[in-house]
Amino acid sequence: MIFTVLFYFFVAVTVIQILYYISFFSFAFYSSKKKMEDITPDISIIVCAKNEEQNLQRLIPLLLKQKHPKFELVIINDASTDNTLDVLDAFKGKDSRIKIVNVENNEAFWGNKKYALTLGIKAAKYNHLLFTDADCVPSSDLWVQEMSAQFSSKKTIILGYGKYRSKRFSPVNLLVRYETLITAVQYFSYARLGSPYMAVGRNLAYTKDEFFKVKGFINHMQIRSGDDDLFIKDAADRNNTTISIHPNSFTISEAPKSFIEWFRQKRRHISTSSHYKFKHQFFLTLFFLTKLSFWVLAPFIVFWEPIEISLAIIGSYFIFNYITIGVSSKKLNETQVSYFLPFLELFLVLFQITIFIANTISKPTHWK
């Protein structure tokens, strides 16, 4: 009797997983037809930097070389203790498009990135804002142009892709890139289906109007993380949000070099999800739990049931999995990860369980 119940439960979780992957087709088979020349709004590029003197020396020249008609570069020195401010002053002396916002520690907002970002947004000259991090670089000199091209009178929040640089013969790098791909497939798909729930702050654009409409970060200022995700929770909807997925619109970051570094990073990121809207928490949790159930039960189903039935069910899952992730990985220039899909997926499930346990025991630290 129990074997029968478990079999039908396995069928149910497999069907749910397949339905999720079918819903992800909304991104996998999405093709943006918008042309770059359709709109070229003036842009304020905003970078929040804390102890980033070396990264800024690499990033600033690349931002200043962007092929966009009119933009400014607003760099926020968030109470750095290194030579970040000296580096910024040197660049500002050579280019008038650079604006420095120097933030000193405030007792009420000690170490709070959202406070620093708010000051930078208020200082920005233009209504259209484009955000990235100091440890990122744009994938091309058309990054600003591609991201800003998605703005329109209706679309005022643009979700971009933050890619990690690939490194040969590195299992950690492969896993990090796979997890980043899966996360992007989900948040791009939800946005395409009219229910945006997250973004990555290293490649995100929105207008000042949207920021002030929801009173900025006021609803979650006390939460250290979430200057991207929780802003999307408050401000984004099916009408004002779109995505930018042209390779020229990507940003590129160096991936964590060790499992420990990656683990700490993901603890901070995942802790924010507990503040998402209930419907998003529900569907994201259901996706994870049904995937976990699939991997736990699949080996037993192979032994309990006739091989033809078990392989048909498991094979159906992997067909939809490979179609969705394969097409999406090509779209986001991550085709290598699809070669190792079953192994990466299984490890990611175990990794996420570990993070959940760790976050239950203790809370992760803030952004810097």
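Up top is the structure these notes are about.
What you are looking at is a predicted structure, and each value in this text was computed from that prediction instead of being measured. (Residues numbered from 1 in each chain as written. Predicted model: local features only at pLDDT ≥ 70, side-chain atom pairs only at ≥ 80, totals over all residues. Heavy atoms only, no water.)

Draft legend 1. Broad picture of the sheet that holds strand E7 (residues 162–164). If you walk across this open sheet you meet the three strands as E5-E10-E7, and the pairing is mixed. A strand with exactly one partner marks an edge of an open sheet, and here the two such strands are strand E5 (136–138) and E7. On average, adjacent strands in this sheet sit at an angle of 35° to one another, irrespective of strand direction. As judged from the three bridges shared by E5 and strand E10 (residues 251–253), these two strands associate in the antiparallel manner. Note on E10: the bridge partner recorded for Pro-138 is Thr-251. (Pairing = 2+ DSSP bridges. Helix = DSSP H or I, 4+ residues; strand = E, 2+ residues; numbered from the N terminus. Axes fitted to C-alpha atoms, helices over the stretch in contact; angles between N-to-C directions.)

Draft legend 2. Representation of a nonpolar patch on the surface. On the surface, Ile-2, Phe-3, Val-296, Phe-300, Phe-303 and Trp-304 cluster together to form a nonpolar patch covering roughly 660 Å² of accessible area. For the nonpolar patch, the secondary-structure elements that each account for two or more residues are helix H1 (2–23) and helix H11 (278–304). Among the elements that line the nonpolar patch, the one with the most residues is H11, at four residues. Judged by its relative accessible area of 44%, Phe-3 falls in the partly exposed class. (Patch = residues over 30% accessible without salt bridge, like charges linked within 9 Å, V, L, I, M, F, W, Y side chains within 5 Å. Areas by Shrake-Rupley, 256 points an atom, 1.4 Å probe, with all protein chains shown as cover. Salt bridge = Lys/Arg side-chain N within 4 Å of Asp/Glu carboxyl O. Buried < 20%, exposed > 50% of the residue type's maximum accessible area, 1.4 Å probe, protein only.)

Draft legend 3. Looking closely at the pattern of salt bridges. All told, the structure shown has eleven salt bridges when counted by the stated rule. Between Lys-266 and Glu-179 there is a salt bridge, and its shortest N-O distance comes to 3.1 Å. Of this pair, Lys-266 sits in helix H10 (residues 259–271) while Glu-179 sits in helix H7 (residues 171–192); the two residues are 87 residues apart in sequence, bridging distant segments of the chain. Judged by relative accessible area, which is 9%, Glu-179 ranks as buried. Among the salt bridges present, the one from Lys-213 reaches Glu-210, with a minimum N-O distance of 3.7 Å. Within this pair, Lys-213 and its partner Glu-210 are both found in helix H8 (residues 208–213), separated by three residues, close to a single helical turn. Take Glu-210: its relative accessible area is 6%, and that puts it in the buried class. Residues joined in a network through salt bridges with shared partners are Lys-113, Asp-133 and Asp-227.

Draft legend 4. Up close: unusual backbone geometry. Despite not being glycine, Phe-169 has its phi angle at roughly 60°, a positive value. Along the chain, Phe-169 turns up in the loop between E7 and H7. With relative accessibility at 76%, the residue Phe-169 sits in the exposed group. For Lys-215, which is not a glycine, the phi torsion comes out positive at approximately 60°.

Draft legend 5. The arrangement of the nonpolar core in detail. Counting residues in hydrophobic clusters, the biggest one holds 81 residues, and the most contacted among them are Leu-159, Phe-188 and Tyr-206. The element that contributes the greatest number of residues to this core is H7, accounting for 13 residues. Formed by 24 residues, the second largest nonpolar core is a distinct cluster that contains Leu-56, Leu-59, Phe-71 and Ile-75. (Core = buried A, V, L, I, M, F, W, Y, C linked by side-chain atoms within 4.5 Å.)

Draft legend 6. The arrangement of the side chain of Thr-272 in detail. Along the polypeptide, Thr-272 turns up in the loop between H10 and H11. A relative accessible area of 3% places Thr-272 in the buried class. Of note is the side chain of Thr-272, whose polar atom sits 2.6 Å from the side chain of Ser-225. (Polar contact = N/O pair within 3.5 Å; in protein donor to acceptor, adjacent residues only side chain to side chain.)

Draft legend 7. Representation of the packing of H1 against helix H12 (residues 307–331) within the structure. As a packed pair, H1 and H12 sit with axes 9 Å apart at the nearest point and diverge in direction by 20°. Here H1 is positioned roughly parallel relative to H12, judged by the angle of their axes. Crossing angle aside, the handedness with which H1 passes H12 is left-handed. When H1 is examined against H12, the residues Phe-7, Phe-10, Val-11, Thr-14, Gln-17, Ile-18, Tyr-21 and Ile-22 are found in contact with a partner set consisting of Ile-309, Ile-313, Ile-314, Ser-316, Tyr-317, Phe-320, Asn-321, Thr-324 and Ile-325. Along the lines of polarity and charge, the residues of the contact of H1 with H12 split into twelve nonpolar, five polar and no charged. (Parallel < 35°, antiparallel > 145°, perpendicular 65-115°, else oblique. Left-handed = near helix turned anticlockwise from the far one by under 90°. Contact = heavy atoms within 4.5 Å. Nonpolar A, V, L, I, M, F, W, Y, C, P; charged D, E, K, R; others polar.)

Draft legend 8. Up close: H10. Between the first and last C-alpha of H10 there are 18 Å, a value that for 13 residues agrees with the 18 Å anticipated at 1.5 Å per step. Of all the positions in H10, only Trp-262, Phe-263, Gln-265, Lys-266 and Arg-267 are classed as buried. (Expected span 1.5 Å × (residues − 1).)

Draft legend 9. The arrangement of the packing of aromatic side chains in detail. Scanning the entire structure with this criterion turns up 33 aromatic pairs. Aromatic side chains Tyr-161 and Phe-250 sit 5.1 Å apart centroid to centroid with 75° between the ring planes, which places their arrangement in the edge-to-face category. A residue pair is termed long-range when its members are at least 10 positions apart, and Tyr-161 in the loop between strand E6 (157–159) and E7 and Phe-250 in the loop between strand E9 (241–243) and E10 qualify at 89 residues. By the burial criterion, Tyr-161 is buried, and Phe-250 matches it. The interplanar angle of 75° and the centroid separation of 6.0 Å between the aromatic rings of Phe-294 and Phe-318 together place this pair among those described as edge-to-face. Taken together, the positions of Phe-294 in helix H11 and Phe-318 in helix H12 put the pair 24 residues apart, joining distant regions of the chain. Look at Phe-294 and you get buried, because its relative accessible area is 1%. Grouped by ring-pair contacts, the aromatic residues Phe-10, Tyr-20, Tyr-21, Phe-24, Phe-287, Phe-294, Trp-295, Tyr-317 and Phe-318 constitute a single cluster. Here the basic side chain of Lys-331 rests over the ring of Phe-27, its NZ or CZ set 6.0 Å away from the ring centre. (Phe/Tyr/Trp six-rings, centres within 6.5 Å; stacked < 30°, edge-to-face > 60°. Lys NZ or Arg CZ within 6 Å of the ring centre and 35° of its normal.)

These results come straight from atomic positions and should not be treated as a statement about function.
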